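Examining the three-dimensional arrangement
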Amino acid sequence: MGEISGTWEPVDAEREAAWELYVELATRISVVELGEDEGLLREALSSLYTVFATTREILRRYGPAVAPRVAPGKVTFGVLAVNVLNLSIRPLLSKWHPLLTAHEATRGTSVDPVAHERRWARSAELRAEIESVRKVLLSLAQALNEVAGVGDLITVRLPDQGARSAAGTS
């Protein structure tokens, strides 16, 4: 998972915290691929920013039980969560939030915000960095899913409802 590796032997509090953070990641842009002509970069950055507040809240709620001292080569929920925040999300946000804000400030009142953002010379570069962080978060989400012992909420999709209707099933 990015630069983080080790063995995780979770306690019950870590399993519960894993479920909470897994739900957060599974329901945000953070783990869904953002296509070239999809979404807004501002929304993607804002979504990633909220992961900070949620993670802090989870860490405070479960306390030291999710960050016990462990031997070298072992990891905990706390270690994984804080390192993903500090090594992946924080660098992205601290670099790109001010750059995107500066670009947004150049938009005229009659210019469409979506078109303005997509014309930005650095939009492809930001999208590439968001994709890199998405892969780290997806790896974290998969680890959280395994520890929580729940079904996959990210990659499993329901059958196309239109195809089922056309086949005569309900």
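A brief structural summary. Predicted model, so just to flag it, every value in this text is computed and none were measured.

Brief notes about the overall build of the protein
When you go through the protein residue by residue, the secondary structure sums to six helices and two strands. Walking the protein from its N terminus toward its C terminus, one meets helices and strands in the order β-α-α-β-α-α-α-α. When burial is assessed residue by residue, the protein has 38% of its 170 residues classed as buried. A separation threshold of at least 6 residues defines the contact pool for the protein, and within that pool the share at least 24 residues apart is 77%. Surface exposure of the protein reaches about 9,800 Å², of which carbon and sulfur atoms provide 54%. Both charge centroids of the protein, one from 19 positive and one from 22 negative side chains, sit 4 Å from each other.

Observations concerning the side chain of His 103
Checked against the element boundaries, His 103 lands in helix H3 (residues 77-104). Once you skip the residues sitting within four places of it in the chain, His 103 turns out to touch His 116, Glu 117 and Trp 120.

Considerations on a negative patch on the surface
Among the surface-exposed residues, Glu 33, Glu 36, Asp 37 and Glu 38 lie close enough to one another that they form a single negatively charged patch. In this structure, Glu 36 sits in the loop between helix H1 (12-26) and helix H2 (41-62).

Considerations on helix H5 (residues 123-148)
Residues three or four positions apart in an α-helix share a direction because the helix packs 3.6 residues into each turn. Here H5 spans 36 Å end to end across 26 residues, near enough to the 38 Å set by a 1.5 Å rise per residue. Phi for Gly 149, located one or two positions after H5, is positive at around 70 degrees.

Describing the packing of aromatic side chains
Summed over the entire model, instances satisfying the criterion amount to two aromatic pairs. Between Trp 19 and Tyr 22, the aromatic rings sit 6.4 Å apart at their centres with planes inclined by 40 degrees, giving tilted as the arrangement. Taken together, the residues span about one helical turn, with Trp 19 and Tyr 22 both in helix H1 at a distance of three residues.

Overview of the nonpolar core
Leu 25, Phe 77, Ile 89, Leu 126 and Leu 144 are the most contacted members of the largest nonpolar core, which has 43 residues in total. Sorting the residues of this core by element identifies H1, H2, H3 and H5 as the ones contributing at least two each. For this core, the leading source of residues is H5, giving eleven residues. Leave out the neighbours within four places in its chain, and Ile 89 touches Leu 48, Val 51, Phe 52, Val 84, Val 133 and Leu 137.

What to know about the pattern of salt bridges
This structure, assessed with the given rule, holds ten salt bridges. We note a salt bridge from Arg 28 to Glu 24, for which the minimum N-O separation is 2.4 Å. The class of Arg 28 is partly exposed, set by a relative accessible area of 26%. Look at Glu 24 and you get buried, because its relative accessible area is 14%. Where Arg 61 meets Glu 57, a salt bridge forms, and the shortest distance between an N and an O atom there is 3.2 Å. One end of the pair is Arg 61 and the other is Glu 57, both in helix H2 and four residues apart, which spans about a single turn. The class for Arg 61 is partly exposed, based on a relative accessible area of 44%. Residue Glu 57 is classed as partly exposed on the basis of its relative accessible area of 43%. Counted as one network, the salt bridges with shared partners bring together Lys 95, Arg 122, Glu 125 and Glu 129.

The rules behind these values
- Residues numbered from 1 in each chain as written.
- Predicted model: local features only at pLDDT ≥ 70, side-chain atom pairs only at ≥ 80, totals over all residues.
- Heavy atoms only, no water.
- Helix = DSSP H or I, 4+ residues; strand = E, 2+ residues; numbered from the N terminus.
- Buried < 20%, exposed > 50% of the residue type's maximum accessible area, 1.4 Å probe, protein only.
- Contact = heavy atoms within 4.5 Å.
- Areas by Shrake-Rupley, 256 points an atom, 1.4 Å probe, with all protein chains shown as cover.
- Lys, Arg positive; Asp, Glu negative; His and termini not counted.
- Charge placed at Lys NZ, Arg CZ, Asp CG, Glu CD.
- Patch = residues over 30% accessible without salt bridge, like charges linked within 9 Å, V, L, I, M, F, W, Y side chains within 5 Å.
- Salt bridge = Lys/Arg side-chain N within 4 Å of Asp/Glu carboxyl O.
- Expected span 1.5 Å × (residues − 1).
- Phe/Tyr/Trp six-rings, centres within 6.5 Å; stacked < 30°, edge-to-face > 60°.
- Core = buried A, V, L, I, M, F, W, Y, C linked by side-chain atoms within 4.5 Å.

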